[in-house]
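Residue-level structure breakdown
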Amino acid sequence: MTAREPGESPLVARALAGDRRAVARLLTVFDDDGADARRAAAELAAHAGRALVIGITGVPGSGKSTLVNALLGEWLRRGRRIAVVAIDPSSPITGGAVLGDRIRMGEHGTHPDVFIRSFSARGELGGLSRATRAAVDCLDAAGYDRVIVETVGTGQSETSIAALADTRVVVCPPGLGDDVQAIKAGVLEIADLLVVSKGDLPLAQETRREMREMLTLRRPVPEGGWKTPVLVVSASEGSGVGELVDAIEAHGELRGRGRRREGGDERAPELQPIAVPADANDAPAWRARLAALVARDGLCATLGISLVDGGPGRSEVQMRVEPRHLNFNGGCHGGAIFTLADTAFGLASNSHGPVASGIDAHITFQVAVKPGDRLVARATEVRRSRRIGVYRVEVACTRGGGDEQLVSCFTGTVYIK
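Residues numbered from 1 in each chain as written. Predicted model: local features only at pLDDT ≥ 70, side-chain atom pairs only at ≥ 80, totals over all residues. Heavy atoms only, no water.

**Section: the overall build of the protein**
Put simply, the rule is: By the criteria applied, helices consist of DSSP H or I runs no shorter than four residues and strands consist of E runs no shorter than two, each listed in order from the N terminus. Pairs of residues are marked as contacts when any of their non-hydrogen atoms sit within 4.5 Å. Here the accessible surface of atoms and residues is derived via Shrake-Rupley with a 1.4 Å probe, and residues count as covered only by protein chains that are part of the display.
Scanning the protein for helices and strands turns up 12 helices and 13 strands. Taking the contacts inside the protein whose residues are at least 6 apart along the sequence as the reference set, 71% of them involve residues at least 24 apart. Accessible area for the protein stands at about 18,800 Å²; split by element, carbon and sulfur atoms hold 51% of it.

**What to know about the state of the cysteines**
Put simply, the rule reads: A pair of cysteine sulfur atoms is labelled a disulfide when the two atoms are within 2.5 Å.
Tallied over the entire structure, the rule returns 0 disulfides. In this structure C397 is a free cysteine whose sulfur lies 9.5 Å from that of C332, the closest cysteine sulfur available.

**Let's talk about the sheet that holds strand β4 (residues 146-150)**
Stated formally: Here a strand pair is declared whenever DSSP counts at least two bridges between the two strands. Inter-axis angles, ranging from 0 to 180 degrees, are taken between N-to-C directions of lines fitted to C-alpha atoms, where helices are fitted over the stretch in contact.
Judged by pairing direction, the sheet is parallel, and its 7 strands sit side by side in the order β3-β2-β4-β1-β5-β6-β7 without closing on themselves. Edge positions in the sheet fall to β3 (114-120) and β7 (230-232), since each has one partner strand and no second. With direction set aside, neighbouring strand axes in the sheet form an average angle of 20°. Running over the sheet, helix α4 (residues 64-77) touches β1 (52-58), β2 (82-88), β3, β4, β5 (167-172) and β6 (193-196) and is turned about 175° from β4.

**Looking at the sheet that holds strand β12 (residues 388-398)**
Spatially, β8-β9-β11-β12-β13-β10 is the arrangement adopted by the 6 strands of the open sheet, whose pairing is antiparallel. Of all the strands in the sheet, the pair left with one neighbour each is β8 (306-311) and β10 (356-365). Ignoring strand direction, the axes of neighbouring strands in this sheet form an average angle of 20°. Sheet analysis places strand β11 (residues 374-384) next to β12, joined by 10 bridges and oriented antiparallel.

**Things to note about the environment of K227**
The topology assignment puts K227 in the loop between α8 (204-215) and β7. Considered as a pair, K227 and L193 are 34 residues apart in the sequence and their alpha carbons are 8.7 Å apart.

**Some remarks on the packing of aromatic side chains**
Rules: Only rings of Phe, Tyr and Trp enter the pairing, Trp through its six-membered ring, and a pair is recorded when the two centres are within 6.5 Å. The plane angle decides the type: under 30 degrees is stacked, over 60 is edge-to-face, the rest tilted. By definition here, charges over rings are those cases where NZ of Lys or CZ of Arg is within 6 Å of the ring centre and within 35 degrees of the ring normal.
Under the criterion given, the structure shown has 4 aromatic pairs. Centre to centre, the rings of F345 and F410 are 5.3 Å apart; their planes meet at 50°, and the pair counts as tilted. Taken as a pair, F345 in helix α12 (residues 334-350) and F410 in strand β13 (residues 405-416) lie far apart in primary sequence, 65 residues in all. Taken together, F338, F345, Y391 and F410 form an aromatic cluster joined through their ring pairs. Taking the ring centre of Y144 as reference, the NZ or CZ of R81 above it sits at 4.2 Å. Above the plane of the ring of F119 lies R117, whose end atom (NZ or CZ) is 4.7 Å from the centre.

**Observations concerning the pairing of β13**
Bridge count between β10 and β13: 9 bridges; the pairing is antiparallel. When the sheet's bridge partners are listed, A361 is paired in β13 with G412. Count of turn residues in the β12/β13 antiparallel hairpin: 6 residues, of which G400 carries a positive phi of about 65°.

**Some remarks on the pattern of salt bridges**
Which entries qualify depends on this criterion: Put simply, a salt bridge is a Lys or Arg side-chain nitrogen that is within 4 Å of an Asp or Glu carboxyl oxygen. Burial classes follow relative accessibility: with a 1.4 Å probe on protein chains only, a residue under 20% of its type's maximum area counts as buried, one over 50% as exposed, and anything between as partly exposed.
Applying the stated rule across the entire model yields 17 salt bridges. Residues E381 and R384 are paired through a salt bridge, measuring 3.9 Å at the closest nitrogen-oxygen approach. Look at E381 and you get partly exposed, because its relative accessible area is 26%. Judged by relative accessible area, which is 25%, R384 ranks as partly exposed. Residues participating in the shared-partner salt-bridge network are E74, R77, R78 and D246.

**Some thoughts on helix α10 (residues 283-295)**
Just so we agree on the cut-off: To estimate the expected span of a helix, count its residues, drop one, and scale the result by 1.5 Å. An arc is given here, and it is the one of the directions from the helix axis to the C-beta atoms.
Taking 1.5 Å of rise per residue, 13 residues should cover 18 Å, and α10 covers 18 Å from first to last C-alpha, within 8% of that figure. Every buried residue of α10 is accounted for by W286, R289, L290, L293 and V294. Summarising the axial view, the buried residues of α10 lie within an arc of 140°, below the 170-degree limit, and thus occupy one face. Across α10 from its buried face, at more than 90 degrees, point the exposed residues P284 and A295. In this fold, the buried residues of α10 make contact with α11 (298-303), β8, β9 (314-320) and α12.

**A few points about unusual backbone geometry**
The phi dihedral of K198 falls on the positive side, at around 50°, and the residue is not glycine. Note on placement: K198 falls in the loop between β6 and α8. On the basis of relative accessibility, which here comes to 33%, the residue K198 falls in the partly exposed class.

**As for the confidence of the model for the protein**
Applied cut-off: Across the chain, each position has a pLDDT score giving the predictor's confidence in that residue, from 0 to 100.
Summing up the model confidence of the protein, the mean pLDDT is 84 and the portion of residues at 70 or higher is 84%. Within the protein, helix α7 (residues 179-183) has the poorest average pLDDT of any element, 43, and β9 the best, 96. Every residue in residues 92-97 scores below 50 in pLDDT, and together they form 11 contacts with partners more than four places removed in sequence or on other chains. Throughout residues 264-271 the model reports pLDDT below 50, and contacts reaching past four residues in sequence, or to other chains, amount to 14 contacts.

**Overview of the pairing of β2**
Across the 7 residues of β2, 7 count as buried, placing the element largely inside the fold. Side chains I82, V84, A86 and D88 of β2 all project onto a buried face; the interleaved residues A83, V85 and I87 project onto the opposite face, where all are buried too. Where β2 meets β3, 7 bridges bridge the pair, whose relative direction is parallel. For D88, the partnering residue across the bridge sits in β3 and is S120.

**Considerations on the packing of helix α2 (residues 20-32) against helix α5 (residues 132-141)**
Threshold: By the definition adopted for this analysis, an angle is roughly parallel if under 35 degrees, roughly antiparallel if over 145, roughly perpendicular if from 65 to 115, and oblique otherwise. The hand of a helix crossing depends on one turn: near helix anticlockwise from the far one by less than a right angle means left-handed, and clockwise means right-handed.
At their nearest, the axes of α2 and α5 sit 9 Å apart, and the two run at 165° to each other. As summarised for this structure, α2 and α5 are arranged roughly antiparallel, according to the angle between their axes. In terms of crossing hand, the pair formed by α2 and α5 is right-handed. Together, V23, L26, L27 and F30 of α2 and A134, A135, C138 and L139 of α5 make up the contact between the two elements.

Here it is in structure tokens:
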């Protein structure tokens, strides 16, 4: 039992002693942002940092809740105490949520070593709710060994779990999408482990192969670093669950715990802000800013993407099509073209300084691209408000000394943080 500190609230003291009712009451206080919520959160945070926090994220319908239920069973067999924070999408009309994730976890919901709590996202972007961190600290401080955070169904940009979880598990259903979908920057890039769910379905092994190919476009892993595995799991049949738990434990041993207490993602030190030119007409300064952004982008380095020009709300990047960009039919891979367009989109939307996260993107393809062609993507800001920006990108190619030919059109929307 944890001794009560001077000035510590009785409810917090009871939670620290493992009182489930006190934990439940505190989680409600955090969810409602009730009186003394911040004080209680600060008191609990002082006792947190021991639990391994596992983030489970992925697209809607990927089987996250069913997988979490299987993980609960495996960790219980290993003698662990596990808590689950499940985030459900909220209604745009009422702000409420069905809170149905726990239905799929009912098998272990009454076990004394399991605590499951659902939260409504309440319209928050990023896949979490505003109370998630305080809830994780509360469950950590209450003595749970493993805290699982299941996000709402996400797209490519809901990556708030990256700064909260010690180990990030991205769940991908079989037949996730074509190669363009698989290569998209965003949620797949934050994965410490990639899991192909519903492994008993026919396309599971093919999706595993696509995910492995996607990983080759990441930054090279330094010696002794963590190499993201791709695992196939069937939660309904129980296959692969033990191997997944082994991999989570191995990652936790290698990378440690308490990521959220260190100010976020371990990559943050290399992502320090780059100064925004004071003069909108200072073309060299704007090009230098965008060039610096390109220089620290792993996919740009891998695919040979370079900056041509840019300024406030606009960018132009290029890429020469080489053998590494080709698909199995000998043409330029659609994912490579998407990445070029997405790079121009990202540079234009982040040119102003504030971080802009993509929330929607559409791309069309007009013509095939061959080896030796030079591709150029030009992004233009259509409109930008305090919170939302809309951009259009055109990708063109030139071959030999001929004229440019339109290859692809891309439109994207960002949320400005």
